[in-house]
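# Examination of the molecular architecture
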Amino acid sequence: MTTPAPAVSIVIPVYNEAESLAPLLEELGRVLGTIEGPAEIITVDDGSTDGSFERLRALGAQEPRLRIVRLARNYGQTAAISAGIEHARAPIIVSMDADLQNDPADIPRLLAVLGDDVDVVNGWRNPRQDPWLTRRLPSRLANRLISLVTGTALHDYGCTLRAMRASFAKELQLYGELHRFIPALAADLGARVTELKVHHRPRTLGRSKYGLSRTLRVFLDLLTVKFLSGFSTRPIQLFGLFGLLCGSAGIALTAELGFERLVLGVPLAGRPVVLLAILLVVVGVQFVSLGLLGEMVVRTYHESQAKPIYRVREVVGCIVFTGRHQYACPVMKVFVVGTGYVGLVAGTCFAESGNDVICVDNVVKKVEALRDGAVPIYEPGLEELIRRNVAEGRLTFTTDLAHAVRTSIVVFIAVGTPSGDDGSADLGAVMSVSREIARTMDGYRVVVTKSTVPIGTSERIRAAIGAITTHPFDVVSNPEFMKEGAAIEDFMKPDRVVIGAASARAIETMRELYDPFVRTGNPILVMDNPSAEMTKYAANALLATRISFMNEIANLCERVGADVDHVRRGIGYDRRIGHHFLFPGVGYGGSCFPKDVKAVIHTAREQGIEFPLLNAVEDVNEAQKRRLVEKVTTEFGDDLHGRRFAIWGLAFKPRTDDMREAPSITIVEGLLARGAKLAVHDPEALSEARNLFGDRVTYHRTNYEALEGADALLIVTEWNEFRRPDFPRMKQLLRHPIIFDGRNVYDPEVMREHGFTYLPIGRAVVRAAAASR
Ligand code: NAD
């Protein structure tokens, strides 16, 4: 399922209503939470001068459904409503005033009436809370008159609160002051119109912009409506009729006068009737000309040019809109807790797309370093993005979770979920952060799990937060699929975004946030929370399965004399299989695959299901991590005392400094346990390695330095810089020209040419001319 478009658009013209806006949006927010389907609120700032636009902008950071259409100047209510209707995306449009006199609680009632046989439901403010003499009496008279003239009998044409089908609303051609006649104009288009009594509240904030003069204008407008409904597309019919009547009368009179003069000999001089005859002919000609001009005006001005009756200065809020307007994305306040690989990348990318982001971590040193411009992890492109967004004021770092919760609407939890002793995901940090959020919430929040969490965690979080706070909130599962080393690219252009949520409001919020990242058409997939949680585990478990499968195939290839590289390409071109994740190696590692595979096995076990496939995936992986050491002992014997090996690559994969569960750890420990000395190099992970191995190995800044005097080289991570080395120099530095290639980086033929003994994975061994060891 892709994200739903809004089901209802609430259109609110705003002119100098700064004081009413916050309470109005709060009331509306509550009401919209009760209606079925997502809603959007389109406020049209009609050239306010009291700071209404700025107030709306600030409120927009808290209310993701809010869009603000800012008109270039004050055009009047008709233009504002028209702009709102044009920008509305939903099939149903509800218009209302911003002055709090309309009651948002009436919206569900209006929507309920709008059924198969009703297209417009007009509010009827009853009892009306306005002065009798200046407002109610003239309004009553006006309503009677309008009903009589238009033939659409309603009690309250002046009520802005009404629900209507967008199909009719968007067809209305509103000019001048015609918004009051919307029901009559819609009826003229064929809409079925009815009315419903609605609450009318006395004005408590701001002041009315309209007085008696408005009522007087109604009569002129009525004339326009009558003309528009009857003759707007055929003005010649009306003016032509008058013209023909006058002209005919004039001609008849002229004929009569001619007869009197010529036949009866009655003199015409001094008779005013002569002037009347001439006048009638001239007026007749003028009416016909007016009618023709009217035709030209109607067709040229409104139809062919589609002239707008207003100009938009700016629009705040992401609306997928193909019309003539430019859109800016909403500034949403986002807070991400956990500044690890996921949290830091997600927070930075959300800031890059224009949101205000606060990143929180409980490790003070980390936060201080980030504030000082130091990036604690290596991820290509991240440092530059952080620097830019910090400089532009969109990205800040803090340890103060309470402050972040109070100032943000969307709260992402991106803390670690390591494996517990039994293989289950340790949710300690996720749950404690959730409770902390609950304790500080002061209004509606969307709490999003970005961390990979077991199925059912959203429910646990919901219960934990609900037990602490009475404020409304939604829990969303939004698993992250980024790959370390390409995390920015993955986040900015995700293959898909998965959103697990139950509430329309939360879904809409997430869609707003992710819209800028899926402009190229990749989907935002909306599902229930457990399915979203499962999707992440299923993805990682499947990828881990492919890796273990290929490692098994590679091991078999070695035995039967096949080359796994040919096999890999042979199956990869099958579109059902594809090329990704078919590279054999020294096993998978990192912060995700190992723990996520364990977590799926654990969850299955909790449900009474053994998952033999994934158990095997794990076993194969553990064995594969030992493969390279086995190859070394096969070459050099079990006792490696007195041997020295160089290791290129320690991170669990290239382009990261992450060594969590890296196969290099098993390899280093395996060789050390057999008495070997090790000289290690990694472009980014040396400081991580120091934390793990201390002074048990020597660390080298360049790959060649590590080779000096080594009995052989082991390649453990396929960094690009290892792919085209200076082979003659390597041969000189090594005591024996032997390479154990855990990632199949080199071409066996090239190895042969350079005189190396080359031991790859799943491919034939290349033997150099025998040399003493
Ligand atoms: P990480 O260990 O790099 O980062 C976790 C951060 O959370 C740390 O900075 C830690 O200090 C902070 N933290 C922990 N408890 C905290 C608390 N109570 N308050 C504030 N901060 C706290 O982990 P990561 O690699 O970013 O992964 C985070 C989650 O995302 C995990 O569930 C992981 O499985 C998932 N994930 C990771 C990747 C990846 O490539 N690393 C990809 C997809 C999903």
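So, here is what we can say about the structure in this document.

The rules behind the values
Residues numbered from 1 in each chain as written. Predicted model: local features only at pLDDT ≥ 70, side-chain atom pairs only at ≥ 80, totals over all residues. Heavy atoms only, no water. Helix = DSSP H or I, 4+ residues; strand = E, 2+ residues; numbered from the N terminus. Rg over C-alpha atoms; globule rule 2.2 N^0.38 Å. Buried < 20%, exposed > 50% of the residue type's maximum accessible area, 1.4 Å probe, protein only. Salt bridge = Lys/Arg side-chain N within 4 Å of Asp/Glu carboxyl O. Pairing = 2+ DSSP bridges. Contact = heavy atoms within 4.5 Å. Axes fitted to C-alpha atoms, helices over the stretch in contact; angles between N-to-C directions. Core = buried A, V, L, I, M, F, W, Y, C linked by side-chain atoms within 4.5 Å.

## Topic: the overall build of the protein
Per the secondary structure count, the protein includes 28 helices and 22 strands. The C-alpha radius of gyration computed for the protein amounts to 38 Å, which surpasses the reference 28 Å derived for 773 residues by more than 25%, pointing to a less compact arrangement than a globule. Seen through its principal axes, the protein has C-alpha atoms that stretch 145 × 60 × 50 Å. Sorting the 773 residues of the protein into buried and exposed places 53% on the buried side.

## Focus: the pattern of salt bridges
Following the criterion strictly, the structure yields 44 salt bridges and no others. The closest approach of N and O atoms between R201 and E27, which form a salt bridge, is 3.2 Å. Of this pair, R201 sits in the loop between β7 (193–198) and α8 (212–231) while E27 sits in helix α1 (residues 18–32); the two residues are 174 residues apart in sequence, bridging distant segments of the chain. Of the residues examined, R201 reaches a relative accessible area of 22% and is grouped as partly exposed. Here R109 ties to D106 by a salt bridge, and the two come within 2.6 Å at their closest N and O atoms. With a gap of three residues between them, R109 and D106 both fall in helix α4 (residues 106–113), about one helical turn apart. Classification of R109 by relative accessible area gives partly exposed; the value is 35%. Of the residues examined, D106 reaches a relative accessible area of 0% and is grouped as buried. Because the salt bridges share partners, they merge into one network encompassing E40, R67, R89, E508, R511, E512 and D515.

## Some words on the sheet that holds strand β18 (residues 677–681)
The strand order across the open sheet formed by six strands is β19-β18-β17-β20-β21-β22, and the pairing between neighbours is parallel. At either end of the open sheet lies a strand with only one pairing partner, and these are β19 (698–699) and β22 (757–759). Relative to strand β21 (residues 738–741), strand β20 (residues 712–715) runs parallel, the two sharing three bridges. What sits directly across from L713, in β21, is I739. Packing of helix α23 (residues 627–636) onto the sheet brings it into contact with β17 (644–648), β20, β21 and β22, and relative to β21 it is tilted by some 155°.

## A short note on the nonpolar core
Of all hydrophobic cores here, the largest spans 59 residues; its most connected members are I647, L671, L678, L714 and Y746. If we ignore the near neighbours within four places in the chain, the residues touching L714 are L628, V632, F645, A646, I647, W648, I667, L671 and F740.

## Focus: the environment of V149
Tracing the backbone through its elements, the reader meets V149 in helix α5 (residues 132–150). The class of V149 is partly exposed, set by a relative accessible area of 27%. C-alpha separation for the pair V149 and G670, spaced 521 residues apart in sequence, amounts to 95 Å. The contact partners of V149, leaving out residues within four places of it in the chain, are L222 and K226.

## What to know about unusual backbone geometry
Cis rather than trans, the peptide bond between N126 and P127 has omega equal to -5°. With phi around 55°, F581 is a residue other than glycine that occupies positive phi space. Among the secondary structure elements, F581 is positioned in the loop between α20 (564–572) and α21 (593–606). Judged by relative accessible area, which is 28%, F581 ranks as partly exposed. You will see that N744, though not glycine, has its phi angle at about 50°, which is positive. Along the polypeptide, N744 turns up in the loop between β21 and α28 (748–754).

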